[in-house]
Amino acid sequence: MNAKAEAKTFRLDGLKWFLVVLLIGSAVAGNSYYAEFPLIYRVLAMTVICLVAVVVAVNTTKGNALWQLLREAQTEVRRVVWPTRQEATQTTVVVVVFVLIMALILWGLDSALGWAVSKLIG
C-alpha cells in the first residue's frame, strides 16, 4: 500500500471511529430519553445500534487487527489439550489436600506461638 492510500485509510479510520462513538453515545442518550418505552424495545434498539457500531469498528485498521487476533485466539483454543475428567479430579483432590495440610500446619504454628507468647507475657 502506498503512502497516499495509507493516509486516506487513516483519515477514514478517524471518521469511522467518530461514527462508532456517535452511535454508542446516541444509543445511551436514546435509552435515557425514551425511558417511558418498554425495556424490551430499548434493549433491542441498543443491541441493533451497538451491532452497527461493531460492524463499523471492525472495518477500521485497528478493528480489523482485533478481529484477526480473536480468530487466531479461537484457533489456539482448539489446539489446547484439555485434561480428562479423571486428571481434573485428581488435580483438584491434590490441591484440596495440600490446602488442608497447610491450614493445619499454620493453625498449629499459630497456636504454638500464641501459647509461647502468653507464657512469656504472663
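Just so you know, the residues in each chain are numbered from 1, in the order the chain's sequence is written. Since the coordinates come from a predicted model, pLDDT governs what is reported: local features require at least 70, and pairs of side-chain atoms require 80 or more to be given and counted, while whole-chain, interface and lining totals use all residues. Values reported for side chains reflect all heavy atoms of the structure, with hydrogen atoms and water molecules removed beforehand.

What follows concerns the environment of L66. Here a strand is any run of E in DSSP of at least two residues, a helix any run of H or I of at least four, and the numbering for each starts at the N terminus. Assignment of secondary structure puts L66 in helix 3 (residues 61-79). Working definition: with a 1.4 Å probe on protein chains only, accessible area under 20% of the residue-type maximum means buried, over 50% means exposed, and in between means partly exposed. Classification of L66 as partly exposed rests on a relative accessible area of 47%. Each C-alpha atom, one on L66 and one on S118, is 61 Å from the other, the two residues being 52 residues apart in sequence.

Attention shifts here to the confidence of the model for the protein chain. Here the protein chain shows a mean pLDDT of 90. Residues at 70 or above account for 91%. Summary of the metric used: pLDDT quantifies the predictor's per-residue confidence within the range 0 to 100. Across the protein chain, the element-wise mean pLDDT spans from 82 in helix 1 (residues 3-33) up to 96 in helix 4 (residues 85-121).

Summarising the element assignment, R42 is placed in helix 2 (residues 39-58). When charges are counted, neither His nor the chain ends are considered; positive counts come from Lys and Arg and negative counts from Asp and Glu. Any carboxyl oxygen of Asp or Glu within 4 Å of a side-chain nitrogen of Lys or Arg constitutes a salt bridge here. Lacking a salt bridge, the buried R42 has E36 as its closest oppositely charged neighbour, with an N-O distance of 7.7 Å. Excluding residues within four positions of it along the chain, R42 makes contact with N31, Y34, A35 and F37. Residues count as neighbours in contact if any of their non-hydrogen atoms are within 4.5 Å of one another.

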